[in-house]
Amino acid sequence: VLYDCISGQPANSTQLRIYAERNNIEVCTVDVKPCDPEEWQRVDGSCNNLKYPSRGAFRTPTIRLLPLDFSPNYEPRKACDGGDLELPRKLRTELLCSGKVSEMKLTQLVSYYILFSTGDINSIHDPLNYLFNITYCCTPKGKDDYRCTPIKVPVHDPVHRFSGISCMNLTRPQSFQTYGCLDNNTDFVRIVFQTPIYDLSNVYNFEQGFINHIRTFKNGLLKIYPAENGLLFPETDPESIICKLNQRPRETLCHKYLSNNAIGPNIMTILFYRQHNKIAEELHKLNPSWNDDRLFFTARNINIAISLQILLYELLPILLGRKNLIKDGIISCDEGFRDLYDENIEPLMTDEYAYVHRWFHVIQETSMKFYDKDGYFVKTYPLVNATGHTGMLGVDDNMVYITQGSFRQQSGGFDFIIDPDMSERALGGFQLATDVGAFDLAKGRYFGFSPYIKYKEFCTKKSYKKFSDLKDSFSSERLYRLMEEYKCPSDIDLMGGLWAENFVKGGMVPETLYCLLVEQLRRTLASDRYWYERPNRPHAFTEDQLKAIRKVTIAGVLCWVGDHVTEIQPKAFYIISAKNPLVKCSSSKIGKLDLSAWKE
Ligand code: HEM
């Protein structure tokens, strides 16, 4: 049945006719084969909710916590005095300092994993659009193109008053209106291609049929190929234009079915892809009678569960605070099952959830340190030169160096200081100047997010009319900066507020960021029928199997599928220290997967 993406109902003949006239049936509908309540979790996400079978599938529309706030024609909202809000680049340079500060407790792996996890539920179609299709927003042609929303650089910009750069190319976020599924005069609905549930869409892909390209259909395995350096990678497309930074002819590796994005998540995706095969191989040894399908879906089920176990129980407690997460019902304090499922809650993702993850741009350390397999420092390499540069992983020891660096190098600071490469050249060799912070702030306006104080009110149930009402959530110095830049509290952008706000007690992120993440995670836990901790889902784990999943840590994953990782600290999101020393991968301190509970 063809379901209308927007309504989540079977498309009627009038709708289909309109879509056919516009030549966009394929993008505005999802083809859902009849659901079987007991089937394995589908790769395209359909049939997650049996009442609304297309919800949870790729291209499920996003939802909003607060109403849209735009000027007419989806232009940014106005300031309280009726004028334009301050330029995003001006606000970024005034509210975030540019410089290098390290977080002394955490490793670079934190940024790699958090970005990898956002890639599961969020696609990178918007940057691809302005990098490959609409590249002229800073030229006269861009002035007449509604899709162009370039970043204007103020004349007295601290960096570009010297460089002569006065504009950065950027486009409007794409929506169901962009693709003609909704009329232009209707409320903006963001289009996202990934499924809105955590199901490793970034590893297994998500569009119908794509999975058939990566499966071998033998023993549950995915296709995998050795590169020039002998290491194993998913299928490559040497002609792809996405890997623009590949140094050809030597560097040819470029993922054909997976995304070639920033280097950290790129590596994590490769590791989870390989991990699928390791799991399938072991399952096959344990249960030689299982057929290909059973091995494939069981391995995927375990792989997804591991990715979530690490996110929820290892990483988020560090970032958001373990006690906070227990109090808010996001993690459980015992090892057993839990079941928060409610079939009346549709598996949908809020726009706010993906958006506030952008705050983590401030923690990105961009001088990647390369270490060899024995832990000797080799060199530093600019992280931004590695985006769209998958080819570097297939030659020399780069994959080894970056993997080793991920758990040996410190993370960037959790503060209001952004690494200069993120604020000036985040898109490395693609675009001359990219201030990702300014992009983040500008995008918030083109998504039509309500001002920061509305979110603050949503989270605290208090009212904020005057700047002084905010004094409990900001240091006086940070509040003063906001007052310098914004005329009224209601002018403060969501991202502007996050950049200045105090951290949640017990955690390392701004209070409102915490609140908006938790809001979505609650929905995710209640709306994903296949959530790994549930005892009553199709092909649920047994108690022993769930216990085995709960033991796995990111260190265990790196030991198992990382190239030449032979020793690592047990808590790999934390730096190596006397309390968290390097140990051999064979040590019982490393949380490895034991698949014996799957033997029949
Ligand atoms: C700490 C790790 C990071 C996290 C959690 C993160 C998160 C995000 C998220 C959620 C988006 C929004 C995507 C969308 O909805 O369209 C985004 C956009 C973006 N990120 Fe990151 N990111 C991280 C690191 C990086 C790095 C290392 C780079 C560059 C090398 C980068 C460059 C960008 C760019 C260029 C955009 C698009 C900006 C736009 O078009 O508005 N990010 N990031």
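Cut-offs applied
Residues numbered from 1 in each chain as written. Predicted model: local features only at pLDDT ≥ 70, side-chain atom pairs only at ≥ 80, totals over all residues. Helix = DSSP H or I, 4+ residues; strand = E, 2+ residues; numbered from the N terminus. Rg over C-alpha atoms; globule rule 2.2 N^0.38 Å. Buried ≥ 20, exposed ≤ 12 C-beta atoms within 10 Å, placed from the backbone. Contact = placed C-beta atoms within 7 Å. Expected span 1.5 Å × (residues − 1). Near = placed C-beta within 6 Å. pLDDT = per-residue confidence, 0-100. Axes fitted to C-alpha atoms, helices over the stretch in contact; angles between N-to-C directions. Parallel < 35°, antiparallel > 145°, perpendicular 65-115°, else oblique. Nonpolar A, V, L, I, M, F, W, Y, C, P; charged D, E, K, R; others polar. Left-handed = near helix turned anticlockwise from the far one by under 90°. Pairing = 2+ DSSP bridges. Arc of directions from axis to C-beta.

Draft legend 1. Spotlight on the overall build of the protein. Along the backbone of the protein there are 21 helices and 16 strands. Against the compact-globule benchmark of 25 Å for 600 residues, the protein has a radius of gyration of 24 Å, which places it among compact chains. Projected onto the principal axes, the alpha-carbon positions of the protein cover approximately 70 × 65 × 55 Å. The proportion of buried residues among the 600 residues of the protein is 49%. Within the protein, contacts between residues separated by at least 24 positions form 71% of all contacts whose residues are at least 6 apart in sequence.

Draft legend 2. Focus on helix α4 (residues 109–121). Taking 1.5 Å as the rise per residue, α4 with 13 residues should run 18 Å; its terminal C-alpha atoms sit 19 Å apart, in good agreement. Most of α4 is tucked away: 12 of the 13 residues are buried. By the burial criterion, the buried members of α4 are L109, V110, S111, Y112, Y113, I114, L115, F116, S117, G119, D120 and I121.

Draft legend 3. Seen up close, the environment of R42. Turning to its location among the elements, R42 is positioned in the loop between β2 (29–31) and β3 (70–71). Exposure remark for R42: the 22 C-beta atoms within 10 Å place this residue in the buried category. The spatial distance from the C-alpha of R42 to the C-alpha of H160 is 49 Å, given a sequence separation of 118 residues.

Draft legend 4. Structural context of the site of the ligand. Inspection of the region around the ligand gives 24 residues, with S111, L115, H357, F360 and F439 positioned closest. Those elements that provide at least two residues to the shell around the ligand are α4, α5 (125–133), α12 (351–357) and α15 (436–446). Of the residues forming the shell around the ligand, the biggest block, 4 residues, is contributed by α4.

Draft legend 5. Structural view of unusual backbone geometry. Note the cis peptide between R248 and P249, where omega equals 5°. Tracing the sequence through the fold places P249 in the loop between β10 (232–233) and α10 (263–286). For N23, which is not glycine, the phi torsion reads 60° and is therefore positive. For N23, the location among the structural elements is in the loop between α1 (13–21) and α2 (25–28).

Draft legend 6. Inspection of the environment of Y574 at higher detail. You can see Y574 is positioned in the loop between β15 (567–568) and β16 (583–584). Along the chain, Y574 and K487 lie 87 residues apart, while their C-alpha atoms are 41 Å from each other. When residues no more than four places from it in sequence are discounted, the contact partners of Y574 are K105, L106, T107, Q569 and N580.

Draft legend 7. Spatial organisation of the confidence of the model for the protein. For the protein, per-residue confidence averages 97 on the pLDDT scale, and 100% of positions sit at 70 or higher. Both scores are available for the predicted complex, with the pTM at 0.97 and the ipTM at 0.95.

Draft legend 8. Representation of the packing of α10 against helix α21 (residues 554–561) within the structure. Taken N-terminus to C-terminus, the directions of α10 and α21 make an angle of 75°; their axes are 10 Å apart at the nearest point. Comparing the axis directions of α10 and α21 gives the class roughly perpendicular. Contacts between α10 and α21 pair L271, R274, Q275 and K278 from the former with V557, W560 and V561 from the latter. Here the contact of α10 with α21 is built from residues that sort into 4 nonpolar, 1 polar and 2 charged.

Draft legend 9. Molecular detail of the packing of helix α3 (residues 88–95) against α15. Between α3 and α15, the shortest axis-to-axis distance is 8 Å and the interhelical angle comes to 125°. Taken together, the axes of α3 and α15 are oblique relative to one another. Pair α3 / α15 crosses with right-handed handedness. Seen from α3, the contacting residues are P88, R89, L91 and R92; seen from α15, they are G437, A438, L441 and A442. Counted by class, the contact of α3 with α15 contains 5 nonpolar, 1 polar and 2 charged residues.

Draft legend 10. View of the pairing of strand β11 (residues 367–371). In this structure, β11 lies alongside strand β12 (residues 377–382), joined through 5 bridges in antiparallel fashion. Directly across from F370, in β12, lies its bridge partner K379. Once β11 ends, the chain turns through 5 residues before running back antiparallel as β12, passing G375 with a positive phi of about 85°.

Draft legend 11. Region of the structure containing helix α16 (residues 452–460). Residues of α16 that are buried: Y452, I453, Y455 and K456. Down the axis of α16, the smallest arc covering the buried residues is 155°, so these residues share one side. Tucked into the core, α16 has its buried residues touching α18 (494–500) and α19 (511–527). K461 sits one or two positions beyond α16 and adopts a positive phi of about 65°.

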